[in-house]
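What the coordinates show
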Amino acid sequence: MRLTLQLIRVADGMHVWSKVFDSTIDASIDLQEQIGTQIVGKISPDSVHRVTARAQIHGQSEQAYQLYLKGSAFSGMETSFGFKKAIEFYQAAIDLAPDYGLAHAALAATMLVNHQREMGPFEKVKPVAWQHIKLAQRFAPEQAKSKAVEGLFHVYNKALDKAGQAFRQAIAINPNSLLAQHNLGYLYWLQSEWQGAEKHFIKALKINPLSRMSHYGVADSMAQLGDLDGALLRYKDCLDAVPYFAACHLGLANLKVSLGQFEQAEKHILKTTELI
């Protein structure tokens, strides 16, 4: 049994702590105690005083906030199932609190990422996503996510200059915006600017060390720059963090082929086939 836990600071989305726990079912009680002890040790004594800050960011509806958190948890799975469930929860949060700016931003971002994953036509999600982006910026103009999701929209709309501008504005608001840092790296990656891509993917990983696509982005950028040893280590880091991520298995297979390690490449190709 493997459990992966993360603590995220709600105020700015900063990744505070993560850990992978491996155990057996018959030792689950001991595992619960171990997890509880470590989490308590990471929560500072003044956490209670942050409730007011949470209300300022997420509004007064506790139920809408809980729906937002559930959406974030499903979105973090980075799977088609997870994205679809996240969209349901974000929409439910908005139904309860129509002025919930971050829920509008999260809904738009998830719709856009899911559109990319399913390779559907952008025109299908474009008008609805843009509507939620505008609502996010109306109700939460001070939040980096409201600007970062605009950048993501421009990427898919092939307005890359506007995308870069929006991501940099989001980072100026909050340098710990995972959405902005990762997708600015992706923007550089799209334009084959590997050093810029690597730089921002690494920043994204510092915010969330379990981000699958950021792991892949760093490794692929390093491979493109000719740093094959570094790319090899990064792909291994990716699979240590998320062993079921097909893209890192495939990337590692391609790297092994370039190194002439064909038997190891075949192993990762087979694993990729299993996971797709």
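The structure this text deals with has already been given above.
Below is a summary of the structure that appears in this document. Being a predicted model, the structure only gives us computed values, none of them experimental.

A look at the packing of aromatic side chains
With the rule as written, the count across this model stands at 10 aromatic pairs. Relative to tryptophan 189, the ring of tyrosine 186 lies with its centre 6.0 Å away and its plane at 20°, an arrangement referred to as stacked. Placement of both tyrosine 186 and tryptophan 189 in helix H9 (residues 178-190) is noted, with a separation of 3 residues, approximately one turn of the helix. A residue is classified by how much of its surface remains accessible, and tyrosine 186, at 18% relative accessible area, is buried.

Regarding the state of the cysteines
Working definition: the covalent bond between the sulfur atoms of two cysteines is a disulfide. Under the defined criterion, the tally for this structure stands at 1 disulfide. Residue cysteine 238 pairs covalently with cysteine 248 via a disulfide, S to S 2.0 Å. When the S-S torsion is 95°, as for the bridge of cysteine 238 with cysteine 248, the disulfide is right-handed. You can see cysteine 238 sitting in helix H12 (residues 228-241) and its partner cysteine 248 sitting in helix H13 (residues 246-258), a full 10 residues away along the chain.

Describing the side chain of serine 214
In this structure, serine 214 sits in helix H11 (residues 212-224). On the basis of relative accessibility, which here comes to 0%, the residue serine 214 falls in the buried class.

Concerning the side chain of histidine 215
With respect to the helices, strands and loops of the structure, histidine 215 is situated in helix H11. Take histidine 215: its relative accessible area is 7%, and that puts it in the buried class. In this structure histidine 215 touches Leu205, Pro209, Arg234, Asp237, Cys238 and Ala241, once residues within four positions along its chain are discounted.

Here's the deal with the pattern of salt bridges
The final tally for this structure, using the stated rule, is 4 salt bridges. A salt bridge links glutamate 118 to lysine 84; its shortest N-O distance comes to 3.2 Å. Of this pair, glutamate 118 sits in helix H5 (residues 101-118) while lysine 84 sits in helix H4 (residues 80-96), and the two are 34 residues apart along the sequence. Overall, the relative accessible area of 44% leaves lysine 84 in the partly exposed class. Glutamate 150 is paired through a salt bridge with lysine 147; the nearest N and O atoms lie 2.9 Å apart. Here glutamate 150 pairs with lysine 147, and both are found in helix H7 (residues 144-156), just 3 residues apart, close to one helical turn.

Looking at the packing of H9 against H11
Interhelical geometry of H9 versus H11 gives an angle of 30° and a closest axis separation of 11 Å. The handedness of the crossing between H9 and H11 is left-handed. From H9, Leu178, His182 and Trp189 reach across to H11, where they touch Met213, Ser214, Asp220 and Ser221. Grouping the constituent residues of the contact of H9 with H11 by class yields 3 nonpolar, 3 polar and 1 charged.

Reading guide: rules and limits
- Residues numbered from 1 in each chain as written.
- Predicted model: local features only at pLDDT ≥ 70, side-chain atom pairs only at ≥ 80, totals over all residues.
- Heavy atoms only, no water.
- Phe/Tyr/Trp six-rings, centres within 6.5 Å; stacked < 30°, edge-to-face > 60°.
- Helix = DSSP H or I, 4+ residues; strand = E, 2+ residues; numbered from the N terminus.
- Buried < 20%, exposed > 50% of the residue type's maximum accessible area, 1.4 Å probe, protein only.
- Disulfide = S-S within 2.5 Å.
- Contact = heavy atoms within 4.5 Å.
- Salt bridge = Lys/Arg side-chain N within 4 Å of Asp/Glu carboxyl O.
- Axes fitted to C-alpha atoms, helices over the stretch in contact; angles between N-to-C directions.
- Left-handed = near helix turned anticlockwise from the far one by under 90°.
- Nonpolar A, V, L, I, M, F, W, Y, C, P; charged D, E, K, R; others polar.

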